[in-house]
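Each chain is listed here by its residues.
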Amino acid sequence: MCELDREIRRWRRQEMRRSSLSPRELDELEDHLRARVELELELDARLTPARAFAIARDGLGETSVLSREFARAGAVRWRRALGYGWALFALSFLLPALRFEFTHEPVQVLSLTGYEVFWAAVTEGGFRHALCNLAMLLTLPALWRGRVRGGRWLAGGIGLMGLYLLATGLSLPRGGGGFSASLQVGYLVWAASFVCAAVGLWLRAREWVPTTAERPEA
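Residues numbered from 1 in each chain as written. Predicted model: local features only at pLDDT ≥ 70, side-chain atom pairs only at ≥ 80, totals over all residues. Heavy atoms only, no water.

1. Remarks on the overall build of the protein chain
Then, in step 1: A count of helices and strands for the protein chain gives ten helices and three strands.
Then, in step 2: For the protein chain, the α and β elements follow one another from N to C terminus as α-α-α-α-α-β-β-α-α-α-α-β-α.
Then, in step 3: For the protein chain, the proportion of its 218 residues judged to be buried stands at 39%.
Then, in step 4: Nonlocal contacts in the protein chain, meaning residues at least 24 apart in sequence, comprise 69% of its contacts between residues at least 6 apart.
Then, in step 5: Total accessible area on the protein chain is roughly 12800 Å²; 62% of this is exposed by carbon and sulfur atoms. (Helix = DSSP H or I, 4+ residues; strand = E, 2+ residues; numbered from the N terminus. Buried < 20%, exposed > 50% of the residue type's maximum accessible area, 1.4 Å probe, protein only. Contact = heavy atoms within 4.5 Å. Areas by Shrake-Rupley, 256 points an atom, 1.4 Å probe, with all protein chains shown as cover.)

Take a look at the structure:
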């Protein structure tokens with residue numbers, strides 16, 4: 001079966017380049033493909049392994065269709081978590097995020113939405129805030145195409161960023177000097193969006209670890 005192994009290795013390399021199928025999904029397809037090849041060889045002893053492989057490969061169907069089928073079947077957890085993260089991220093821009101109270105006479109209260117906090121950070125040099133939002137944008141390819149490159153590292157970074165944002169918000173000055181600040185629901189939703197996105201990325205990254213070792217070259 002050395003000829004068959006070479007054909008399957010070539011097929012895997014092609015699919016990895018042109019599809020969004022993960023290594024685990026390709027493992028599942030490869031098992032199905034090998035079983036189909038064995039069946040074709042049993043049905044017609046005159047077939048060569050290469051010809052049986054070609055018949056079995058054509059029977060799998062178009063890669064784009066397979067990718068969509070796997071996406072629908074495997075997206076229940078990871079894509080939903082990442083989608084929730086993006087929904088929370090977008091919602092946080094509309095909700096009250098920070099509340100400032102100036103106790104000097106006359107007392108003044110200033111409440112800022114997530115968008116207003118973001119715009120103030122951009123216009124006043126709040127680079128850390130802008131970088132956090134930029135990091136969230138890095139998760140879009142996974143949500144759109146299902147591909148994850150460096151998924152575990154990105155998941156860890158996004159998750160730590162969410163915890164950092166929450167810790168930073170909780171350390172806001174509570175009073176003294178005639179000034180206090182407090183978190184509003186929008187800020188908490190914003191921080192939670194990073195955690196949800198990290199969970200989704202981590203779940204997807206797990207699928208990019210092959211379940212079987214690659215067969216050695218003959």
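2. Structural notes on the packing of aromatic side chains
Then, in step 1: Tallied over the full model, the rule gives six aromatic pairs.
Then, in step 2: Taking the centre distance of 5.3 Å and the plane angle of 75° together, the rings of Trp86 and Phe89 count as edge-to-face. Note that Trp86 and Phe89 are positioned in helix H5 (residues 78-92) at a spacing of three residues, about one turn of the helix. The residues Trp86 and Phe89 share a single accessibility class, namely buried.
Then, in step 3: Measuring from centroid to centroid gives 5.2 Å for Phe89 and Phe93, while their planes differ by 70°, and the two rings are edge-to-face. As far as burial versus exposure is concerned, Phe89 and Phe93 are alike and both buried.
Then, in step 4: One aromatic cluster is present, formed by Trp86, Phe89, Phe93, Phe118, Tyr187, Trp190 and Phe194 through successive ring pairs. (Phe/Tyr/Trp six-rings, centres within 6.5 Å; stacked < 30°, edge-to-face > 60°.)

3. Observations concerning the packing of helix H1 (residues 2-18) against helix H2 (residues 23-43)
Then, in step 1: Their axes nearest at 11 Å, the elements H1 and H2 cross at an angle of 145°. The two elements H1 and H2 cross, and the hand of that crossing is right-handed. Within the contact between the two elements, H1 uses Leu4, Asp5, Ile8, Trp11, Arg12, Glu15 and Met16 and H2 uses Pro23, Leu26, Asp27, Leu29, Glu30, Leu33, Arg34 and Val37. (Axes fitted to C-alpha atoms, helices over the stretch in contact; angles between N-to-C directions. Left-handed = near helix turned anticlockwise from the far one by under 90°.)

4. What about empty space enclosed by the protein?
Then, in step 1: A complete count under the given rule lists one cavity of 30 Å³ or more for this structure.
Then, in step 2: Each pocket or cavity is described by its volume, and for the largest cavity that value is around 70 Å³.
Then, in step 3: Around the largest cavity, the lining residues are Ser92, Phe93, Ala97, Gly114, Val117, His129, Gly186, Tyr187 and Trp190.
Then, in step 4: Elements supplying a minimum of two residues to the lining of the largest cavity: helix H6 (114-123) and helix H10 (185-206). (1 Å grid on protein atoms, 1.4 Å probe; cavity = no way out; pocket = protein on both sides within 12 Å on 5 of 7 lines; lining within 4 Å. Points joined across faces, edges and corners; volume = space filled by probe spheres on them.)

5. Focus on the pattern of salt bridges
Then, in step 1: Evaluated as defined, the whole model comprises nine salt bridges.
Then, in step 2: One salt bridge in this structure joins Arg36 and Glu40, with 3.1 Å as the shortest N-O distance. Taken as a pair, Arg36 and Glu40 lie in helix H2 at a separation of four residues, close to a single helical turn.
Then, in step 3: Take Arg36: its relative accessible area is 28%, and that puts it in the partly exposed class.
Then, in step 4: Here Arg57 ties to Asp58 by a salt bridge, and the two come within 3.7 Å at their closest N and O atoms.
Then, in step 5: Judged by relative accessible area, Arg57 falls into the partly exposed class, the value being 36%.
Then, in step 6: If you follow the salt bridges from partner to partner, you end up with Asp5, Arg12, Asp27, Glu30 and Arg34 in one network. (Salt bridge = Lys/Arg side-chain N within 4 Å of Asp/Glu carboxyl O.)

6. Digging into the nonpolar core
Then, in step 1: Judged by nonpolar contacts, the single largest core of 27 residues is most densely connected at Leu82, Phe89, Ile158, Leu165, Tyr187, Trp190 and Phe194.
Then, in step 2: Counting residues per element, this core draws most heavily on H10, which supplies eight residues.
Then, in step 3: With residues near it in sequence (within four places) discarded, Leu82 still touches Thr139, Ala142, Leu143, Cys196, Ala197, Gly200 and Leu201.
Then, in step 4: Residues Trp11, Leu33, Leu41 and Leu60 belong to the second largest nonpolar core, which totals 13 residues. (Core = buried A, V, L, I, M, F, W, Y, C linked by side-chain atoms within 4.5 Å.)

7. What about a nonpolar patch on the surface?
Then, in step 1: A cluster of nonpolar residues, Phe127, Leu131, Leu134, Leu137 and Leu140, forms a patch on the protein surface that exposes about 500 Å² of accessible area.
Then, in step 2: Per-element accounting of the nonpolar patch gives the leading share, four residues, to helix H7 (residues 127-137).
Then, in step 3: By the element assignment, Leu131 lies in helix H7.
Then, in step 4: With a relative accessible area of 53%, Leu131 lands in the exposed category. (Patch = residues over 30% accessible without salt bridge, like charges linked within 9 Å, V, L, I, M, F, W, Y side chains within 5 Å.)

8. As for the confidence of the model for the protein chain
For any part of a model where pLDDT is low, the fine detail of the predicted coordinates should not be relied upon.
Then, in step 1: Confidence in the prediction of the protein chain, expressed as mean pLDDT, is 77, and 76% of residues score 70 or more.
Then, in step 2: Mean pLDDT across the elements of the protein chain ranges from a minimum in helix H4 (residues 63-74), with 56, to a maximum in H5, with 91.
Then, in step 3: Every residue in residues 213-218 scores below 50 in pLDDT, and together they form nine contacts with partners more than four places removed in sequence or on other chains. (pLDDT = per-residue confidence, 0-100.)

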